[in-house]
Amino acid sequence: MLRRKFLKNSSMGTAGVFSAPLMASCQENSEENSETEIVKPIVVCTWNFHNATAKAWEVLNAGGNALDAIEQGVMIEEADVENQTVGMGGRPDRDGNVTLDACIMDKDSNCGAVLCMQNIAHPISVARKVMEDTPHVMLAGKGAERFAYEKGFKNENLLTEQSKQEWLEWKKTSKYETIINIENHDTIGMLAIDKNGDIAGGCTTSGMGYKYAGRVGDSPIIGAGLFVDNEIGGATATGVGEEVVRTVGSFLIVELMRQGKTPQEACEVGVKRIMEKNKGRKDFQIGFLAINKKGETGGYCVHPGFTYRVYSEEGHVNNTSDSYIKV
Ligand code: GLY
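A brief look at the structure comes next. (Residues numbered from 1 in each chain as written. Predicted model: local features only at pLDDT ≥ 70, side-chain atom pairs only at ≥ 80, totals over all residues. Heavy atoms only, no water.)

Along its length, the protein chain carries nine helices and 13 strands. Counting the 327 residues in the protein chain, one finds 58% classified as buried. With the model as given, the accessible surface of the protein chain reaches about 13300 Å², and the carbon-plus-sulfur share is 49%. (Helix = DSSP H or I, 4+ residues; strand = E, 2+ residues; numbered from the N terminus. Buried < 20%, exposed > 50% of the residue type's maximum accessible area, 1.4 Å probe, protein only. Areas by Shrake-Rupley, 256 points an atom, 1.4 Å probe, with all protein chains shown as cover.)

The next thing to look at is the site of the ligand. Near the ligand the following residues occur: T187, G207, R215, G217, D218, S219, G239, V240 and G241. Summarising the interface, the protein chains cover 100% of the accessible area of the ligand, which totals 200 Å² for the free molecule. Of all the cavities here, the one that holds the ligand is the largest cavity. Its residues placed into classes, the shell around the ligand shows one nonpolar, six polar and two charged. (Near = heavy atom within 4 Å. 1 Å grid on protein atoms, 1.4 Å probe; cavity = no way out; pocket = protein on both sides within 12 Å on 5 of 7 lines; lining within 4 Å. Sits in = over half its atoms within 2 Å of the grid points. Nonpolar A, V, L, I, M, F, W, Y, C, P; charged D, E, K, R; others polar.)

With that out of the way, let us pick up the sheet that holds strand β13 (residues 322–323). Spatially, five strands are ordered β7-β8-β9-β10-β13 in an open sheet, and the strand pairing comes out mixed. Each having just a single partner strand, β7 (226–229) and β13 make up the two edges of the open sheet. Where strand β10 (residues 297–301) lies against β13, two bridges are found, and the strand directions are parallel. Its bridge partner being in β13, C301 is matched across the sheet by S323. Strands in contact with helix α9 (residues 263–278) are β9 (286–292) and β10; relative to β10, the strand with the most contacts, it is inclined by about 20°. (Pairing = 2+ DSSP bridges. Contact = heavy atoms within 4.5 Å. Axes fitted to C-alpha atoms, helices over the stretch in contact; angles between N-to-C directions.)

Attention shifts here to the environment of D194. Looking at the element boundaries, D194 is found in the loop between β5 (188–193) and β6 (199–205). Residue classification places D194 among the buried positions, given a relative accessible area of 4%. Among all residues touching D194, those that are not within four sequence positions of it are V39, P41, L60, G64, N65 and A66.

This paragraph deals with the packing of aromatic side chains. Across all of its chains, the model carries five aromatic pairs by this definition. Ring geometry for W57 against Y311: centres 5.7 Å apart, planes inclined by 10°, an arrangement best described as stacked. Taken together, the residues span a long stretch of sequence, with W57 in helix α2 (residues 50–61) and Y311 in strand β11 (residues 307–312) at a distance of 254 residues. We classify W57 as buried; its relative accessible area is 9%. (Phe/Tyr/Trp six-rings, centres within 6.5 Å; stacked < 30°, edge-to-face > 60°.)

Turning our eyes to something else, we now look at unusual backbone geometry. Even without a glycine there, the phi angle at C116 is positive, about 55°. As for its placement among the helices and strands, C116 is situated in strand β3 (residues 111–117). What makes C116 buried here is its relative accessible area of 15%. The residue K279 is not glycine, and still its phi comes out positive at about 45°. Within the element layout of this structure, K279 appears in the loop between α9 and β9.

Soluble globular proteins tend to pack their nonpolar side chains together in the buried interior. Counting 80 residues, the largest nonpolar core has V43, V126, I188, M190, I253, I286 and F288 as its most contacted members. Dropping the residues within four chain positions of it, V43 is found in contact with T53, A56, W57, L60, M190, L191, A192, R309, V310 and Y311. In this structure, M88, L100, A121 and L159 belong to the second largest nonpolar core, which totals six residues. (Core = buried A, V, L, I, M, F, W, Y, C linked by side-chain atoms within 4.5 Å.)

Spatially, the eight strands line up as an open sheet ordered β4-β3-β2-β6-β5-β1-β11-β12, and their pairing is mixed. Of all the strands in the sheet, just β4 (138–140) and β12 (315–320) have a single pairing partner and so form its edges. Averaged over all adjacent pairs, the angle separating strand axes in this sheet is 10°, with direction ignored. The pairing of strand β2 (residues 100–105) with β6 spans five bridges and is antiparallel. Bridging from a neighbouring strand, I104 pairs with G202 of β6. Across the sheet, helix α4 (residues 123–133) is in contact with β2, β3, β4 and β6; its angle to β3 comes to roughly 130°.

Next up, the structure:
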């Protein structure tokens, strides 16, 4: 296992991952052997998805790896029909079709994604299969769906009665407007560090409700909705995907951390970059979430309302993110 000088420059962020007694004993150890790394598992996700982080934590706490924690964690939201922005029960496109996007990335920079895939309830798992079983990174539309069947996934109707009725109501006016913190957007992006200190991430969404058929946002785009570099950390995004794609937001944040910024500082620069590019336009929400190799976390958003959940041995907490616009 790769061992790093972990404690020498460890300054705890929002979700400190070392208990005080452990810190003291670790510091003693680090003086004796600066190569000893004390790694504490942690998982973070966009928004207040308690059940998803609890599942991921269960995997990490049992000694499981970060990739499995990510997949099993976000699957909870994909299966939740009450969540109308992810997986089964997601809002459909303008034509009434639920189309799902997801991506996953591991400690070795392997990644997989599915875009605009219908009739499969767990796009994160199909994305993982793309990563592990094909020479490709992305499969889209019918090709992704066919690949999923080949891998044993079953055909399921993703349009719940509630989402159908709301879509029929929307069709009466077909007015396309985004409502901050509701329709733009509570995608789940999740980042985890396992007991070996390895980082993985995943992101899964049904995208904007009533989008044009074929529309894909940031969530399945490696570098935009998600990026992981096991040497540095990871970042993920929620919100209006078009804005995140334009700045390759998650990659930007990881690169900022590589240059020495904390996760919090990096998320703030990411949001500010988007606001500068938009020259005064403010009618959208973006939330960025980041974690670095030390387990420090940060989040920042355009409008108040974005939260992110942290689960570690310290317990679990839903952090309210600071925002670029204050009211
Ligand atoms: N961030 C999700 C989307 O724009 O589709």
